[in-house]
Structure formats: C-alpha cells, structure tokens
Amino acid sequence: MSGEQSGAEVLLQALKEQGVEVIFGYPGGAVLPIYDGLFRQNAIRHVLVRHEQGAVHAAEGYARSTGKVGVVLVTSGPGATNAVTGLVDALMDSIPVVCLTGQVPTHLIGNDAFQEADTTGITRPATKHNYLVKRPQDLARAVHEAFIVARSGRPGPVVIDLPKDIMIGSAPYSDPPEDGHPSYRPRTEPDPAAVRRAAALLKGAKRPIIYTGGGVINSGEEAAALLGTFVRLTGYPCTSTLMGLGAVPASDPRFLGMLGMHGTYEANLAMHGADVMLAIGARFDDRVTGRLDAFSPGSRKIHADIDPSSVNKNVPVEVPIIGDAGRVLAGLIEAWEADPKAHDRAALAEWWRTIDEWRAKECLAFTQDAAKGAVIKPQHAIRRLYEMTVALGREVFVTTEVGQHQMWAAQHFRFEQPRHWMTSGGLGTMGYGLPAAVGVQVAHPEGLVIDIAGEASILMNIQEMSTIAQYRLPVKVFILNNQYMGMVRQWQELLHGGRYAESYMAALPDFVKLAESFHATGLRAESVDQLDEVIRVMLETEGPVIADIAVDPKENCFPMIPSGAAHNDMILSAATEGRAAGITDPGLVLV
Amino acid sequence: MGRDASLRSATISVLVENEPGILARVVGLFSGRGYNIDSLTVAAVDEAGRQSRINIVTSGTEMVIEQIKAQLGRLVPVYRVADLGREGPHIAREMALIKVAGTGEKRAEALRLAEAFRARVIDATTESFIFELTGGTEKLDAFLALVRPLGLAEVSRTGIAAIARGTRTI
Ligand SMILES: Cc1ncc(C[n+]2csc(CCOP(=O)(O)OP(=O)(O)O)c2C)c(N)n1
Ligand SMILES: [Mg+2]
C-alpha cells in the first residue's frame, strides 16, 4: 500500500471533512473494511440500527431535526435493498441523506456474486443521484459531490455504491472541489423582477392566502423567521402543508392550521375562496389540492420553489419564482416595504371576518366523555399529551408513524418552531416514526422525543426498540391503539360499505410486556381517567417508554376532503355520509 | 399560463456529463413519469469524451413538455437543456440504412426513387440494394412509404441529431 491510505480510510477522511459526526448503519461482508476503519478512529460515531430501513429513517430524523446531512452505511445486496424504502421516503420529502452501500468487488460486478444487487440500478429512481465508485481515484470526489448534491437545491438522498476492493486497495485523497459541482448548480437567488411582480400582486389582493410547505423548513431557520415576519407584515392568513408545520408558529393568530385532505375547514375554504395565492416551498400535491379543476378556482397564483419541476406541474401559476424559500421571502419583504402603495385594509378585514366565521365552526372539535371508565378519544389523548409536554417547558420533538394518529397529531399537537416535527409525508411510510425518533434523539440527547404511533405502524420497525435500549435513548412511544389500521378502516367505512377487509389488528402484542422485553418501561391507559397519569409517568420516566393508549376504535379523522373532491366538499363530521359528500366514481380510483 | 390541451412535438437536446448510467437515468425519467420518446440519440461530443449530447424527440401538451425540460434540467449530470424548436430555428437530421430486396421492374423503380431522394447505394446484389438516406424524419418516412411495396426488407434508423441554426450553441 506504499504508505497511502486505503479506500476505507479515504472514505472516512472525506466524511470527516464533510462534518459527519454520526453514521446510522448495519454491517455485512461487503462493508467490513469500512467497519474496520470506523473501529480504528474516534471522530465519527456509529449507531447500530436493527434493520437497514431503520438506518435511513434514523438518518432522516437526524437530518430533519438538525438541518445537517444524515449518513447511512449498509452492506451490499439485502442491506442495500432494505434501505430502498427509506431512500424513497427521503426523496419524496426532500431530506438530505447520503447512503453508503457496500458492493461486491469490481471484478465480480455483473456475475450474480453472493449478495450482489444492482444497487445503482435499483436506487436510480429512489435517489436524487447515485454513484458507483469503480476507480480509486474517483472515490474522494464522489463522496464530496454526494454531500453537495444531497444538501443543495432541493435536498434529497444520494447513494454511493462502494465495491469492496476499492475500500481495501489504496486510494488518493482529494479535498472538496472549490468551485462546487461541475454540472449541478441549482438556482437559489430568485429573479428580482418576478419577486416584485409577486409583491405587487399580493399588495393588490382582497382575499389573499399564503400556503407554505417543507421547502421553508429545508431552507433553514432563517427562512421560517422571514416567513413569520412576512405574515406579520402583511397580516395575511397563512396555512401549511403537513411537511411545513412549525415554520409559522401554530400560536400565531394568522395561522389557519394545516390544509388539504385532513386540513382545517378555515384553511381549505380560504384556499378555495382566495383571490391571490402565494405558495412557497410547497408542491401542490394531490393531498393538498383535492380535485384539481376545482382547486382554488378564483385565485391568481404565485409559486416560489427551488425546484423548477415543481412549478406548473399540477397547477398552472401566473408568477413562477425559482429560488430558495428564504431568499424569496427576503426579497418579498423588501419589495413589499419598497412599494409605497398600501394594501386594501378594508377588504382584508372583510376577508378575516369571513375566515373567522369558518373558524367558528371549530372543525377540530370532539367530545370526550369525562366519566370514569369512558373510552379515550384519540384527539383528546393528543391534546393532553400536547398540554402536558408544553407544561414541562422542555424542547419537544415529535415523530409519527402513518395513519389517523399522524393526522390527529398534525391537527392537535401545536408546533411553534421548525425542525421539531418529523413525519413521512410524501411516501406515507408506516414504520417511519420509531427509527426517525432514534435519529432525532441521537442528534438531541437532551430533547424530549416522542413518537406518536399507531399500533399497526409501530410493528413495522419495532426492532428499533433494541437500538433504543443499546444507546439508552429515552424515546417515548405514544401509541394510539385503536386495534385497527384506522386510516384503512376509515376509508372502508366511507367508501367501501363498511366491509373491513383485513384492517382489524388481531393478535396484537401486549405492548407493556413488549416494552419490558426491550428494557423499556411499558404503560397502558384503558380509559379516560387513566390517561393523564400514564402521560405523567411517561414524561417523568428517564429512559425509553412505550405508552399504550387504548382509544376509540371507531373514531374517524375529520375534516376530510375525500380523494378527488373539491375543498368546499369537505366532510366535517361523522354525520355526513361519504358518498353523499362529493365522493365520485372517478374519486374512488384515487388513493 | 393556460391549460392548452393540444399536443406538440418537441426536439430537446441535453448536454450531459458522460457518466455511467446517464442514459438509463434519462430513459428511466421518461418511462417513470409516462412521457413519450419518439426518438433518442446519444453520443460524446467533446474532445475528451466527457460530455455527451442526448437528442430526444418527444410529444405532449405544453405543460408536459415544460415538465420534461424541468425534470431533465434537475438531473445532477445535466449541464443544459435546449428546446430546439422553441429557442429558434434548428436543423434535425436522421440517417437510415434501408434494404430493399427484389428483381425486375420493382428493383429498377426502387433505384429511381433513391435517386430522386438522393439516397446513396452502399451495397448491392442482383437481388437487393442497401440505401443510405439522410434527411429530416419526414423525408425518411416518405421514402420508406414509397419503397415498402417495392420489397422493403429491413430498416435501421439512427434517430435524430439536431442543432440550432446560426451561431447559437447549447
Ligand atoms: C408501509 C405501508 N404499508 C401500508 C400503508 C397503508 N396504510 C396507511 S395508514 C395504514 C394503517 C395504519 O394503522 P395504524 O398504524 O394503527 O394507524 P391508525 O390509522 O390506526 O392511527 C395503512 C395500512 C402505508 N401507509 N405504509
Ligand atoms: Mg391503529
């Protein structure tokens, strides 16, 4: 090796240079040289997960709660294929992740060698970009480039496939390129003329709405702060996607709550009735728009996004702005203040009166029977969890699984800052929340990290309880146990005549014993009188806890805009029959 | 921007870093998102062989074609995307090798047509010709339609290469 470094050492040096502090991974034959390298250094910490999907979700949780790139290390073949769900999840939600995959030695590639998989082929549509390093001289550059690609522009996952011989043999190290990436140069600075047009359009609005998404969070704390400034400056109502919650504090009176399929009545009707819409870092996805031809029909639309392919994809807009959300917001504030014209205060006041009437419907209201022994409403459980955690005054991070509990968490847990809410939005991956909580807790050892879970989802990556035990991560798992794949059951009730095919969770484990078997504390609340006590004990317990909260199995999540229906066809409560409320046959084919 | 539902054909040239998998990436983008590919060519175009040019002929509504360009543009190894028809006049050429088998009057007629179309004879036997024909897609289609009844046996087409007229470069 003539005094040179091995490929594995070069890899680790490049990772250190990129500021990597922790890797979530799982070893195997093809990555043994890398593990050997990790063993012989102290700068980078390794967290051993219990399934490679969990490694990627943990890296996502780490990335989303810190703004840094999350790093994953898995072996070839099954290690890589197990990671695919996590990669697609990160792709859909624009989360910066670099995933290192082992590969069989270069001379065996294509030979169906043991644990060989065409990882770059499989992950090509699952990543923002991927690399197969076939020559030692390409190694350091590939690693540096991967980090640039993962974190710049619209962030996303990048795979680097590393053949074992490249890791064992010697390789030259090179520093990160000084002038960035040769071909990938995403536009971050918006066109000032477009920003001025947008500001003028917004000033002339009578019924404005600001609709923001995960792009604001990804852009960074400053973008969220600027968004808050802009909302206060204009006094305009604003709503957020599932991914964007926390960018504007939920306590801001101008915040109308989440929009979309399970969004609030006031947010959706404001979208529907607006005359000017400003969309920032959101992508008009079908969970938000409902029926496209009835989506905000009367509004003139401004869409700012860092990804040009997000603009004019689903909804044609009048003023497209390509740029970083924070830069766009800074520009908008400047242009707004520079424009001497005043906005139409009377019209805005009238618009707020209308919105307040919608608000008065209290679309998220529910009735909790307070009698001893009464069944717990899931919404009540989240409300109490929220109130009791806020009272602690600690920094709270929430992750979720996927289903009704996720939507109730989005509706009833209130987020005041960005990067404290981690949920699988685009892919809707059951099993996301527990490993994501691992990543968040690793990044924030002092934080209070809660996975709001469903009893079905939690079983999809329950093995990560073992990771939690090993690293003494005090993650709290709060299961809304309705004994059903509740979201599936809800659709079956509303759309399929109440034929509950395969959505009942028979043979559930005893979650208390399950927790104990993983060296955690198990708690259970059976009825409303036990709820507060269970939450109190959970929050007081220093180590990890699983709190199994038995909730009403028949509760549905409302409001709901059924697939393919318009925003003003929202179902507000169980009293409305699904079919009667705008669910059409074409809507039935949608997911 | 309106919702124009009418379809148009677009000739898109993409300058890319010549790295392994780039073609799979472009083709996968088209298949994954349900876009049409009417023609696709790719070859290295710089001295060092580090950059390739991909020419794609596709069709779709205006909104879809704008999407295709944006989707191509955000691929990491892509330097530039040019919508040749939209950015000014351009030239598109394609080459075909066309085997016509037959004897007698049909054979003679095939040769006459080839002359009229300025197709070159690059191989001949007493029972066959191979013509080499270069031109726009429509010219090639027209020639093929004419020689089909005369014993068209086999065709190999390159797909189009396209470039902007004048001094403009990608
Ligand atoms: C990996 C995966 N498989 C299937 C689904 C479809 N799905 C969406 S929600 C849901 C039920 C979730 O049940 P649970 O975790 O108990 O949550 P609940 O809706 O009851 O709150 C299912 C099966 C999914 N989102 N992800
Ligand atoms: Mg459930």
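Model, not experiment: these values are computed from the prediction. Sequence order sets the numbering: in each chain, residues are counted from 1 along the sequence as written. Written order decides the labels, with chains lettered from A and ligands numbered from 1. Local features are withheld for residues below a pLDDT of 70 in this predicted model, meaning they are given only at 70 or higher, and side-chain atom pairs are given and counted only at 80 or more; totals for whole chains, interfaces and linings count all residues. Water and hydrogen atoms play no part in the side-chain values, which are based on all heavy atoms of the structure.

A.B. asks: In this structure, what is going on with the interface of chain B and chain A? I would like to understand it.
C.D. replies: Often the size quoted for an interface is simply the accessible area lost on bringing the parts together. Counting residues at the interface gives 15 residues for chain B, matched by 20 residues for chain A. Buried area, as used here, totals the accessible surface that two parts lose on assembly, with accessibility defined by a 1.4 Å probe and the loss added over both. Across the interface of chain B and chain A, roughly 1600 Å² is buried in total on both sides, 55% from carbon and sulfur atoms. Just to be clear on terms, a salt bridge is a Lys or Arg side-chain nitrogen sitting within 4 Å of an Asp or Glu carboxyl oxygen. Summed over the shared surface of chain B and chain A, the number is one salt bridge. The partner of Arg74 of chain B in a salt bridge is Asp307 of chain A, and the shortest N-O contact between them spans 2.8 Å. Here a polar contact means two N or O atoms within 3.5 Å. Within protein one must be a hydrogen donor candidate and the other an acceptor candidate, and residues neighboring in sequence count only if both atoms are side-chain atoms. At the boundary of chain B with chain A, the tally comes to six residue pairs in polar contact (both at pLDDT 80 or more). Looking at the side of chain B that touches chain A, the elements that each hand over two or more residues are α1 (22-32), α2 (62-73) and β4 (78-83) of chain B. Every helix listed is a DSSP run of H or I at least four residues long, and every strand listed is a run of E at least two residues long, numbered separately from the N terminus. With four residues, α2 of chain B is the single largest residue contributor to the side of chain B that touches chain A. Under the scheme applied, nonpolar residues are Ala, Val, Leu, Ile, Met, Phe, Trp, Tyr, Cys and Pro; charged residues are Asp, Glu, Lys and Arg; polar residues are all the others, including Gly. Grouping the constituent residues of the side of chain B that touches chain A by class yields eight nonpolar, three polar and four charged. We call two residues in contact whenever any of their non-hydrogen atoms come within 4.5 Å of each other.

A.B. asks: Even after reading the chapter, I still don't get unusual backbone geometry, so can you show me in this structure?
C.D. replies: Among all residues save glycine, negative phi is the norm, and among peptide bonds the norm is trans. All names here are of chain A. Residue Pro559 follows Phe558 across a cis peptide bond; omega there is -5 degrees. With phi around 60 degrees, Gln483 is a residue other than glycine that occupies positive phi space. Its location among the elements puts Gln483 in the loop between β16 (476-481) and α19 (486-495). Of note, Glu502 is a non-glycine position whose phi angle comes to about 60 degrees, a positive value. With respect to the helices and strands, Glu502 occurs in the loop between α19 and α20 (511-517).

A.B. asks: Got a minute to help me understand the sheet that holds strand β18 (residues 545-550) of chain A in this structure?
C.D. replies: Residues and elements named next belong to chain A. For two strands to be treated as a pair, DSSP must find no fewer than two bridges joining them. In space, the six strands of this open sheet follow the order β14-β13-β15-β16-β18-β17, with parallel pairing throughout. Looking at the sheet topology across the chains shown, the edges are occupied by β14 (421-422) and β17 (521-525). Each of β13 (396-400), β14, β15 (448-454) and β16 touches helix α16 (residues 404-412); the most contacted strand, β15, lies at about 135 degrees to it. For helices, the fitted axis covers only the stretch in contact; all axes are lines through C-alpha atoms, and the angles between them, taken along N-to-C directions, range from 0 to 180 degrees. In the packing of helix α21 (residues 528-540) onto the sheet, contacts are made with β15, β16, β17 and β18, and the angle to β17 comes to roughly 165 degrees.

A.B. asks: Teacher, can you tell me more about the confidence of the model for chain B here?
C.D. replies: Should the pLDDT be low somewhere, the predicted coordinates at that spot are not to be read in detail. Known as pLDDT, the predictor's confidence for each residue is given on a scale from 0 to 100. On average, residues of chain B score 95 in pLDDT, and 98% of them are at 70 or above. The ipTM for the predicted assembly is 0.93, set against a pTM of 0.97.

A.B. asks: Whenever I open this one, the coordination of the magnesium ion (ligand 2) confuses me. Can you help?
C.D. replies: Six octahedral donors at a metal ideally form angles of 90 or 180 degrees, and four tetrahedral donors ideally form angles of 109.5 degrees. Residue and element names in this part refer to chain A. Coordination partners: N, O, S within 2.8 Å of the metal, 3.2 Å for Na, K and Ca; water not considered, so apparent gaps in a site are possible. All of the protein donors around the magnesium ion (ligand 2) are Glu455 (OE), Glu455 (OE), Asn482 (OD1) and Tyr484 (O); their distances to the metal are 2.1 to 2.6 Å. Angle rules define the geometry names used: all angles between 85 and 135 degrees makes four donors tetrahedral, while opposite donors over 155 degrees apart and all other angles between 65 and 115 make four donors square planar and six octahedral, leaving every other case irregular. In this structure, the magnesium ion (ligand 2) is surrounded by six donor atoms whose angles at the metal cover 52 to 175 degrees, and the resulting shape is irregular. Partly exposed describes any residue whose relative accessible area lies between the buried limit of under 20% and the exposed limit of over 50%, with all areas from a 1.4 Å probe on protein chains only and scaled to the type maximum. A residue is classified by how much of its surface remains accessible, and Glu455, at 1% relative accessible area, is buried.

A.B. asks: Help me understand the site of ligand 1, please; the structure alone is not making it clear to me.
C.D. replies: All names here are of chain A. Think of it this way: one heavy atom of a residue within 4 Å of a molecule or strand is enough to make that residue near it. Around ligand 1 sit 17 residues in total, of which Gln404, Gly428, Ser457, Tyr484 and Gly486 are the nearest. Residue Glu455 places a side-chain N or O atom 3.1 Å away from an oxygen atom belonging to ligand 1. Contact with the protein chains removes 77% of the 590 Å² of surface that ligand 1 exposes when unbound. Of all the secondary structure elements, the ones that give two or more residues to the shell around ligand 1 are α16 and α19. At three residues, α19 tops the list of elements feeding residues into the shell around ligand 1. The residue makeup of the shell around ligand 1, split by class, is eight nonpolar, eight polar and one charged. Using a 1.4 Å probe, accessible areas were evaluated by the Shrake-Rupley method; residue-level cover was limited to the displayed protein chains.

A.B. asks: Help me understand the pairing of β13 of chain A in this model?
C.D. replies: Consecutive residues of a regular strand have side chains that alternate between opposite faces of the sheet. All names here are of chain A. Most of β13 sits out of view: five of its five residues are buried. For β13 and β14, the ladder comprises two bridges, and the chain directions are parallel. Considered in β14, the bridge of Thr399 is made with Met422. Think of it like this: strands point away, you trace from the first strand over the helix to the second, and a clockwise trace means the crossover is right-handed. Crossover handedness for the path β13 to α16 to β14: right-handed.

A.B. asks: I tried to follow the pattern of salt bridges on my own but got confused; where do I start?
C.D. replies: Once the charged atoms of two side chains with opposite charge are near each other, the side chains can pair. In the structure shown here, the tally under the stated rule is 38 salt bridges over all chains. Across the pair Glu145 of chain A and Arg141 of chain A runs a salt bridge whose closest N-O atoms are separated by 2.9 Å. Placement of the pair is Glu145 of chain A and Arg141 of chain A together in helix α6 (residues 139-151), with a separation of four residues, close to one helical turn. Classification of Glu145 of chain A by relative accessible area gives buried; the value is 6%. Taking relative accessible area as the criterion, Arg141 of chain A reaches 38% and is therefore assigned partly exposed. Taking the shortest distance from any N to any O, the salt bridge between Asp83 of chain B and Arg8 of chain B comes out at 2.9 Å. Of the two residues, Asp83 of chain B is situated in strand β4 and Arg8 of chain B in strand β1 (residues 7-17); the sequence distance between them amounts to 75 residues. Under the relative-accessibility criterion, Asp83 of chain B is labelled buried at 0%. Here the salt bridges do not stand alone but share partners, grouping Arg8, Glu62, Glu66, Lys69, Asp83 and Arg86 of chain B into one network.

A.B. asks: What is the right way to read the nonpolar core from this model?
C.D. replies: The tendency in soluble globular proteins is for nonpolar side chains to be buried side by side. Residues and elements named next belong to chain A. Grouped together as the largest cluster of nonpolar side chains are 110 residues, with contacts concentrated most on Leu332, Phe478 and Ile549. Per element, the largest residue contribution to this core is seven residues, and it comes from helix α13 (residues 325-338). In this structure Phe478 touches Ala381, Leu385, Ile450, Asp451, Ile452, Ala453, Ile535, Met538, Ala547 and Ile549, once residues within four positions along its chain are discounted. Here, the term nonpolar core denotes a set of buried Ala, Val, Leu, Ile, Met, Phe, Trp, Tyr and Cys residues that are joined through side-chain atoms within 4.5 Å. With 47 residues, the next largest nonpolar core counts Phe24, Val49, Tyr62 and Ile95 among its residues.

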